[in-house]
Amino acid sequence: MSNHLKSNVIPPSRQREAPRAGMTWIGQSMKRVEDPRILSGKGGYIDDIAVPGMAHAAMVSSPHAHARIVSIDTSKAEKLPGVIGVYTGEDMARVVDPCPSFASPPITQNAMSVGKVRHVGEVVAAVVAEDRYVAEDAAELVEMEWDILPACVDLEASAAATGEAVLHPDDRDGNVALDESFSFGDVDEHFDEAHTIVKRRLRWRRSSAQAIETCGVVAQFDPFKGGYTIHSNSNFYNFIPFVIGGSLRVSPGELRIIPVLTGGSFGSKVFSHKIIILTAGLARLAGVPVKYIEDRLEHFTNSDSHGSDRLYDAELAVTEDGTFTSLRFTVMDDYGAYLQFGVGTHGNAMAQVTGPYQIQSFGMRVMAVLTNKTQQGPYRGFGSEVTNWVMERMVDAAAEELGRDPVELRVQNMIQPDQFPYMIPTGNIYDSGNFQKVLSEAQTMFDFDGWRDKARAMRAEGRCVGVGLATCMERSVYGPTEWWSLNNKETPGFTLTSTPEGITVRLDPSGKMFVTLNSPMVGNSPETVVAQILAERLTIAPEDIVFNYSDSQSGFNGVGPQGSRFTAMIAGACVSASIKLEEKLKRFGAHMLQRRPEDVELRNGTVAVKGLKDQEKPFGEIALTSSFFRLSFPDGEEFDSGIETTAVYDHPLSTDPAEDRSHLGIFYPIVGHICHIVAVEVDAGTGKVEILDYAAVHDNGTMVNPRTLAGQVWGGTANGIGTTLSEVFNYDDEGQFTNPNFAEFAMPTANEMPRNFKLGHVETPSPFTEYGIKGGGEGGRLGAPSALTSAIEDALSDRGVKITSLPVTPPILRGLIRTAEQTAAE
Amino acid sequence: MTKVSFQLTVNGRVREASVPPRMLLSDFIRHELAMPGTHVGCEHGVCGSCNVMLDGKAVRSCLMFAIQAEGSEITTVEGLATGDDLHPIQQAFWEEHGLQCGFCTPGMLATAQELLAENSDPTDDEIREAISGNLCRCTGYEFVISAIRSASVKLRAAQAETTLQPV
Amino acid sequence: MKPSAFRYERPTDLQAALALLATGGDARILAGGQSLVPMMNYRLAQPACLIDINRVSDLDYIREDGDVIAIGALARHGAIKSSDLIKAHLPIVAEAYDWIAHAAVRNRGTLCGNLCHADAASEMPAIMQILEAELVLAKVGTTRTVAATEFFVGTYETAIAEDEMLTEVRIRKPAAGTGWGFEEVAMRRGDYAWCTVVATLEISDGNIVAPRIAIAGVNDCAARLGTVEGALTGKKPDASLFADVAATAAEAATPTENAAYKRDLIRALLPRVLNDAVERAG
Ligand SMILES: Cc1cc2nc3c(=O)[nH]c(=O)nc-3n(C[C@H](O)[C@H](O)[C@H](O)COP(=O)(O)OP(=O)(O)OC[C@H]3O[C@@H](n4cnc5c(N)ncnc54)[C@H](O)[C@@H]3O)c2cc1C
Ligand code: FES
Ligand code: FES
């Protein structure tokens, strides 16, 4: 192990339940608990919420990318019948403070702009009216005068911009909001000693999750209690009061945030804090409850959830025999106009930046550049989707430069099964894995050698057919140090280290088990997962469990479904709760059976005497007796009425970053591994790519529910296919966002998906989580872009086309082919 | 705002309406009739989450005005199940994991209903083509296709049963 | 994204519709609503009055009128796509519909509305031009007929006057043995075309006769490729000839955006379309 990692000691495992053969519920593709209500239209999404007296908001949005607000005239709008009030950023500033920022030092962002706008779609005024139609009528009547400022659109140009083109002159001198360099291990030495240094300039352009449901809020202000009641489809509702209480000028306890079923997130609704502050502020100003649901245009232009937009200058140091020794890069990232969580997406990427390979050192310079675009937010992969692609591109480039087979070169450098837990240069560990097995299963499933021969033969006939393979990491169970570990070490900001997940479990006197969750359902399967785990651990039937969700006042710790954490984390909470419940059940049950607690066990939903068949008490009877018949039990606190418990599970394995940032500590250690293989045919004349065959093998540790996991993989792969082939946000030179709609931002339809997608699983359980579960919510998007890019490059290998930028839409790909044709002709 | 008054049938029930002519059918169903099962994802006709059955055809409810449905029969997702019994298509979506967040699902169900009414035994490609006007960001469509395939089997089985019954 | 207010009229016969149209005052016809309503939701269109023709049931037809197929203003895309008459005589129309929107949109959208909307990237304007369709335009008191080749003037611009309505599309059945080809590149199937190339032709004594070719999605509106038609007439189908005319067509194109790519698409698609048409002819 490299010296710089010596201080990063791996804590002992806190696993209590090891995976075992023959589990009853874990591993079953049980039908989801959540579905019947959703299927019958009774899910209860944000726009389904109505509260008495509720009014509706519509926004006046900036048509300019960068401009000073000279004047706002709301008088005509105010006069429109049905309008309750029209409010500007200055009105808003009377009741709310700027949005929270994890960037350090922070960058000021107001939920409604004050003085100046920094991207198209930024809200400058809002109308609250009796209905949304009237609100939009009035919004059209608001008259604005602008003083246009130069728009920063290009990443590199913006980094160099000065004067009027600086976005936040009060917070930063220029548009580079953060510029930090890191060296983990002997980077310089490895590069000095390298036989070959592979260099590539790689570009990844922005898109975003665009869940089919947009963000929305229903907010009420109670002037007498001084607090707010807020329905929101944020993923983070039990955490967010602490983040936004300051902005709303109330203590977190005065914020009651009520979750709703969420129509998809993929990261995009992780925070949603701006829309909550905005709507809450309007409710306070207007004195009525206010509903604000973003329309699609607003979701595109103002939802603060754009994805990564990066330019890499990357170098891979390779020895003569093809061993990778070091990776380094400079990365510039176009964060848009604000920096809500600093460079958390690069912090995230540090979890697995060296991929599945044994690379001894890693160095990086990261620059966060501000431009006049909507700011970045999370999107499935949270930055690691890009570094996965960069790593795989570099490996393919190395193979080409060394004249090596790309798969063989991967195998040569892969971490071996006996090397786990394996610490990578940044300090994160990979808990477990068997990458070779995943690879070989994928190759078999795909008939990799057969396909390669076939593709070669087809190319010989003049067709552009190619095969691509990617071996990528899927880190899961995130630790929050990623948010701040790359901030300047002198000013790290809010150095959060907790990501607890809690659960409350109560045995109702009727025998039903009531479970309260503290994170919302966003399309994952929280209830199903919990039902399967509790059923397993407590020997009960899943259908005897009833679910509900806390609100932020009644609830407990919960960080939400993101960073592929929820399943593993809630499993931990379920085990903690089960241990406590078991203890209680045994205590009460043993008393009822006139035995000692150590003589009884849990058996099929009963407390039963060990070794005796008919000596048992059903949980229902125990719950009933313990709830209603106090005198049946002895005095003493241990027999206090009712069978209920609350439990919290903290991150299973994390350490602090080194103070000097020589490493970043362990923060994302539960790693899955994925191998995607794809065959494509490119229509060289049009640049259209057709996917001929696709196989993916994922290792996400112990599978709780193989079918829901498969759903995540497919969904993620669809996202990855879109990211690679069709999805990109276009901005013109003035900073106008030119395709913010579903017609031109082309997300794949069923027609664009592969026809014969094959999915396989390897199960390498984690030694650190309960039952060995790993997360699996992001893998598809973490693997598909790399495999597809390789396949396209392979298909065009005879024409010398190199792919260094995503997406490759047909016009872009055709452009690359055209250039190659012209070069060949010359 | 001047309102227009009219009647239409929604899920078998005659409903009276009095709304401004510009009210979109999607808003009418969701907010006036308080049937929130029909979802709105884009309001420009692309995502299909607002699809409902109008006189036996799947249509975008965000691209119609409520008044245009005067005298028509509309079926929304709320009209599919019989009491507590899910419709065979809903049942198939449940069994095959044809939904994740469920936001696109009511539109998918309307599309599936129309497809299976016209083609009781569609191929996978026909299913794909039929649902290609419904965006789903969660599932990657694979299990939606399995669900519709399975629904077609269920519906054909149910059909066979009814035809076999003595009259 | 909600439409602004408008007056709503719903005539049940053509004359009433035309009368309403004649009163002027920013009235728009509402047919399928599949182009107009999205624009209204975005408030890109804010008509003062909508004349909903969906109850003018007399206009809902696809019929044979001697050697002409007549399609009424209320004939929906979906009905046309699945019409046996259309499949038998105008297979290119039925096939092209696979590339136009999706089933639910086709259930409402109309051919006439599509032509009047005149999106430059729309397929049917090109197809109507090679089929030499005649468009019947009615207003109070008079009716005129305009050839499809004369109808499309520019992006969203047609020869129709404000008080006129397109009531019928008339298409002469193509001669027996007419071959046809259709190719499109769009980001996704169902999206508006980046480039559509369509052609019909006959083969007589091994030579190309009466070629009609049009493109859409490239120039400011769909257009026939007269020069190419001329260059093909009387020639033997031949790969290098097709490549040559495609290159000429590509050069002659005046793309409104992404010119190099659009020209590449013409070069790639035109020979494919001609090959298909030749193969189908006979
Ligand atoms: C998701 C989606 C995808 C689509 N994809 C495509 C595609 O790939 N290719 C394509 O071509 N189209 C596409 N469309 C548009 C679709 O074909 C529309 O149906 C068509 O463009 C308009 O027809 P309509 O009947 O809906 O007309 P409307 O929307 O009702 O009207 C359109 C315009 O024409 C006028 N108008 C309508 N009928 C008449 C008439 N008889 N006389 C005079 N004026 C009239 C209206 O006043 C309005 O200005 C798509 C639409 C959607 C929502
Ligand atoms: S909301 Fe109607 S199609 Fe998207
Ligand atoms: S299930 Fe979420 S959009 Fe389809």
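Nothing here was measured: the structure is a model prediction, and the numbers come from that model.

Trainee: Could you give me a rundown of the interface of chain B and chain A, with the residues and numbers involved?
Mentor: The interface is formed by 48 residues belonging to chain B together with 56 residues belonging to chain A. Here chain B packs against chain A, burying approximately 4200 Å² in sum over the two surfaces, 59% of which is carbon and sulfur. For chain B, the biggest contributors to the area lost against chain A are W94, R128 and R137 of chain B; these three give 21% of the whole. Put simply, chain B and chain A have six salt bridges between them. Residue D137 of chain A is joined to R22 of chain B by a salt bridge in which the shortest nitrogen-to-oxygen separation is 2.6 Å. Within the residue set of the side of chain B that touches chain A, elements represented by two or more residues are α1 (25-32), α2 (88-96), α3 (105-118), α4 (124-131) and α5 (142-164) of chain B. Per-element accounting of the side of chain B that touches chain A gives the leading share, six residues, to α2 of chain B.

Trainee: Break down the pattern of salt bridges for me, with residues and values.
Mentor: Residues and elements named next belong to chain C. The final tally for this structure, using the stated rule, is 90 salt bridges over all chains. With its nearest N and O atoms 2.6 Å apart, the salt bridge here joins R224 to E229. A relative accessible area of 22% places R224 in the partly exposed class. Overall, E229 belongs to the buried group, its relative accessible area being 11%.

Trainee: How would you summarise the environment of F329 of chain A if you had to cite specific residues and measurements?
Mentor: All names here are of chain A. Tracing the backbone shows F329 in strand β14 (residues 324-336). Here F329 falls in the buried class, since its relative accessible area comes to 4%. Sequence separation between F329 and R201 is 128 residues; the distance between their C-alpha atoms is 9.5 Å.

Trainee: Describe in detail the domain arrangement of chain B, supporting the description with residues and values.
Mentor: Residue and element names in this part refer to chain B. Along its sequence, chain B is carved into domain 1 (4-79) and domain 2 (88-164). With 17 residues of domain 1 in contact, the opposing surface of domain 2 contributes 15 residues. Between domain 1 and domain 2, a total of about 1100 Å² is buried, with carbon and sulfur atoms accounting for 55% of that surface. Considering only the side of domain 1, the residues that lose the most area to domain 2 are H39, M53 and V77, jointly responsible for 35% of the buried surface there. Where domain 1 touches domain 2, the interface holds one salt bridge. For the salt bridge of E118 with K57, the shortest nitrogen-to-oxygen distance reads 3.4 Å. On the surface where domain 1 and domain 2 come into contact, there are seven residue pairs in polar contact (both at pLDDT 80 or more). Among the elements of the structure, β3 (51-54) and β4 (57-60) are those that each provide at least two residues to the side of domain 1 that touches domain 2.

Trainee: So what about unusual backbone geometry? Which residues, and what values?
Mentor: All names here are of chain A. Here the amide bond leading from S104 into P105 is cis, since omega sits at -10 degrees, within 30 degrees of zero. Mapped onto the secondary structure, P105 falls in the loop between α3 (89-95) and β4 (116-117). The omega torsion of the bond from F420 to P421 falls at -5 degrees, within 30 degrees of zero and hence cis. Looking at where P421 falls in the secondary structure, it is placed in the loop between α12 (406-413) and β16 (422-423). Of note in the backbone geometry, Q210 takes a positive phi value of approximately 45 degrees without being a glycine.

Trainee: Describe the interface of chain A and chain C, and please don't skip the residues or the numbers.
Mentor: Each partner contributes residues to the interface: chain A has 28 residues there, and chain C has 22 residues. A combined buried area of about 2100 Å² lies between chain A and chain C, and 53% of that area is made up of carbon and sulfur atoms. The largest contributions to the chain A side of the interface with chain C come from Y133, T686 and P811 of chain A, which together make up 21% of the buried area. For the interface between chain A and chain C, the tally reads five salt bridges. Across the pair D683 of chain A and R272 of chain C runs a salt bridge, and its minimum N-O distance is 2.7 Å. At the junction of chain A and chain C, the tally comes to 16 residue pairs in polar contact (both at pLDDT 80 or more). Elements that contribute at least two residues to the side of chain A that touches chain C include exactly α4 (132-141), α9 (296-302) and α20 (810-825) of chain A.

Trainee: Which residues make up the sheet that holds strand β23 (residues 606-609) of chain A, and what values go with them?
Mentor: Residue and element names in this part refer to chain A. Pairing within the open sheet is antiparallel, and its three strands lie in the order β22-β23-β24. The sheet is open, and its two borders are formed by β22 (600-603) and β24 (616-618), each paired with just one other strand. Put simply, the sheet's adjacent strands are angled 25 degrees from each other on average, direction ignored. For β23 and β24, the ladder comprises three bridges, and the chain directions are antiparallel. Looking across to β24, one finds that V607 is bridged to K617. Along the sheet, helix α16 (residues 566-593) contacts β22, β23 and β24; its crossing angle with β22, the most-contacted strand, is approximately 115 degrees.

What counts, and at which threshold
- Residues numbered from 1 in each chain as written.
- Chains lettered and ligands numbered in written order.
- Predicted model: local features only at pLDDT ≥ 70, side-chain atom pairs only at ≥ 80, totals over all residues.
- Heavy atoms only, no water.
- Contact = heavy atoms within 4.5 Å.
- Buried area = accessible area lost by both parts, 1.4 Å probe.
- Salt bridge = Lys/Arg side-chain N within 4 Å of Asp/Glu carboxyl O.
- Helix = DSSP H or I, 4+ residues; strand = E, 2+ residues; numbered from the N terminus.
- Buried < 20%, exposed > 50% of the residue type's maximum accessible area, 1.4 Å probe, protein only.
- Domains from an automatic or database assignment.
- Polar contact = N/O pair within 3.5 Å; in protein donor to acceptor, adjacent residues only side chain to side chain.
- Pairing = 2+ DSSP bridges.
- Axes fitted to C-alpha atoms, helices over the stretch in contact; angles between N-to-C directions.

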